[in-house]
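Descriptive structure summary
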Amino acid sequence: MTNSNSTAITINSSLVYLRVKISPQYHQQPLISKLVSDYGLVINITAALLTSSARDDGWFDLEVLGDVVQINKALAALHSIGIEVFVISPPAKPVLRSPSSTSGVIKEWRQFDIDRQSPNPPDALNQDSLNQSRKFQIRIPKEYRDIPVIGTLISKYGLTINIAGAILPFASLEDGWFELELCGSPNQLSAGIQYLRELNSGIS
């Protein structure tokens, strides 16, 4: 599938705000993970709507920081597979916080399918059959929506993340909910899970 537009959009700034439309055939693809791991971008999701329905389109509003050349390569890659991307206005609080300032972000955290193996992990990891996957549901309070928690799991801990569901309203009016599938080696998963636990002192 190719984009209906003849060329991909071109960006001339190292900080850009984008809306990415996710059609049903890409609901199970780790697109955000690939943008972070393949192009070295810092990405924060500022608003989102993605349901588990295979019939409905979803979308992410992204705050993207990185090298201009790499941003444009990422946009060209999305364009090549038919992903629609639009430049949007910055949100009310456009500055990314450092991942080190995330104390207390995760207010509710639930794990399920604890022992499920992932026989075919996402190829972005390029690792062996020992890769495993874990599923989580997390709630991020509106006060912390400018912190790239998901991006940190990808860039710092080497995990591939598929966002199975997301509800993050505009303008910091409500908390955000994410259903995440994390894929990586046992060591990567352990480190990433520990990072989530450290964000919430109530997690055991």
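Everything in this summary refers to the structure shown in the same document.

Conventions and cut-offs
Residues numbered from 1 in each chain as written. Predicted model: local features only at pLDDT ≥ 70, side-chain atom pairs only at ≥ 80, totals over all residues. Heavy atoms only, no water. Helix = DSSP H or I, 4+ residues; strand = E, 2+ residues; numbered from the N terminus. Buried < 20%, exposed > 50% of the residue type's maximum accessible area, 1.4 Å probe, protein only. Contact = heavy atoms within 4.5 Å. Phe/Tyr/Trp six-rings, centres within 6.5 Å; stacked < 30°, edge-to-face > 60°. Lys NZ or Arg CZ within 6 Å of the ring centre and 35° of its normal. Axes fitted to C-alpha atoms, helices over the stretch in contact; angles between N-to-C directions. Parallel < 35°, antiparallel > 145°, perpendicular 65-115°, else oblique. Left-handed = near helix turned anticlockwise from the far one by under 90°. Nonpolar A, V, L, I, M, F, W, Y, C, P; charged D, E, K, R; others polar. Salt bridge = Lys/Arg side-chain N within 4 Å of Asp/Glu carboxyl O. Pairing = 2+ DSSP bridges. Core = buried A, V, L, I, M, F, W, Y, C linked by side-chain atoms within 4.5 Å. Patch = residues over 30% accessible without salt bridge, like charges linked within 9 Å, V, L, I, M, F, W, Y side chains within 5 Å. Areas by Shrake-Rupley, 256 points an atom, 1.4 Å probe, with all protein chains shown as cover.

In this section: the overall build of the protein. Secondary structure summary: the protein contains four helices and eight strands in total. Counting only residues that meet the buried cut, the protein has 48% of its 204 residues in that class. Looking at the protein alone, contacts between residues at least 24 apart form 78% of all its contacts between residues at least 6 apart.

Here the focus is helix 1 (residues 31–39). Looking only at helix 1, the buried set comprises Leu31, Ile32, Ser33, Leu35, Val36 and Tyr39. Structurally, helix 1 contributes buried residues whose contacts are with strand 1 (15–22), strand 2 (42–50), strand 3 (58–65), helix 2 (68–80), helix 3 (149–155) and strand 7 (160–168). Gly40, located one to two residues past helix 1, shows a positive phi value of around 65°.

This part is about the environment of Gln25. For Gln25, the position within the fold is in the loop between strand 1 and helix 1. Gln25 gets classed as partly exposed once you look at its relative accessible area, which sits at 47%. Considering only alpha carbons, one finds Gln25 and Asp56, 31 residues apart in sequence, at a separation of 9.8 Å.

For the structure on display, the rule yields two aromatic pairs. Aromatic pair Tyr157 and Tyr195: ring centres 5.3 Å apart, planes at 35°, arrangement tilted. With Tyr157 in the loop between helix 3 and strand 7 and Tyr195 in helix 4 (residues 186–198), this pair connects stretches of sequence that are 38 residues apart. For Arg19, the ring lying beneath its charged end belongs to Trp59, and the centroid distance is 5.0 Å.

Relative to each other, helix 1 and helix 2 sit at 140°, their axes nearing to 10 Å. In terms of axis orientation, helix 1 runs oblique to helix 2. Two packed elements cross with a definite hand, and for helix 1 against helix 2 that hand is right-handed. Residue-level inspection shows Leu35, Asp38 and Tyr39 of helix 1 in contact with helix 2, the latter providing Gln70, Lys73, Ala74, Ala77 and Leu78. In the contact of helix 1 with helix 2, the residues fall into five nonpolar, one polar and two charged.

All right, on to the pattern of salt bridges then. Going through the model one piece at a time under the given rule, you end up with four salt bridges. For Glu84, the salt bridge is made with Lys21, and the minimal N-O distance between the two is 3.4 Å. With a gap of 63 residues between them, Glu84 in strand 4 (residues 84–87) and Lys21 in strand 1 connect regions that are remote in the sequence. Taking relative accessible area as the criterion, Lys21 reaches 32% and is therefore assigned partly exposed. Among the charged side chains, a salt-bridge network with shared partners connects Lys21, Asp57 and Glu84.

Our next topic: the pairing of strand 6 (residues 132–140). Counting buried positions along strand 6 gives seven out of nine residues, so the element sits mostly inside the fold. Pairing of strand 6 with strand 8 (residues 176–184) involves nine bridges; the strand directions are antiparallel. Counted as the bridge partner of Gln137 is Glu179 from strand 8.

Judged by nonpolar contacts, the single largest core of 47 residues is most densely connected at Ile45, Phe60, Leu62, Ile161, Ile163 and Phe178. A total of five residues in this core trace back to one element, the largest contributor, which is helix 1. In this structure Ile163 touches His27, Ile32, Ile45, Leu50, Phe60, Ile150, Phe178, Glu179 and Leu180, once residues within four positions along its chain are discounted.

Attention shifts here to a nonpolar patch on the surface. Among the surface-exposed residues, Leu15, Val42 and Leu65 lie close enough to one another that they form a single nonpolar patch of about 200 Å² accessible area. Along the chain, the position of Val42 falls in strand 2. Looking at Val42, the relative accessible area reads 36%, which means it is partly exposed.

The next thing to look at is the environment of Ile167. Position of Ile167 relative to the elements: it lies in strand 7. When the C-alpha atoms of Ile167 and Phe60 are compared, they prove to be 9.7 Å apart, with 107 residues separating the residues in sequence. Non-local contacts of Ile167, meaning those with residues more than four positions away in its chain, are made with Ala48, Leu49, Asp175, Gly176 and Trp177.

Any functional reading would require information that these geometric values do not contain.
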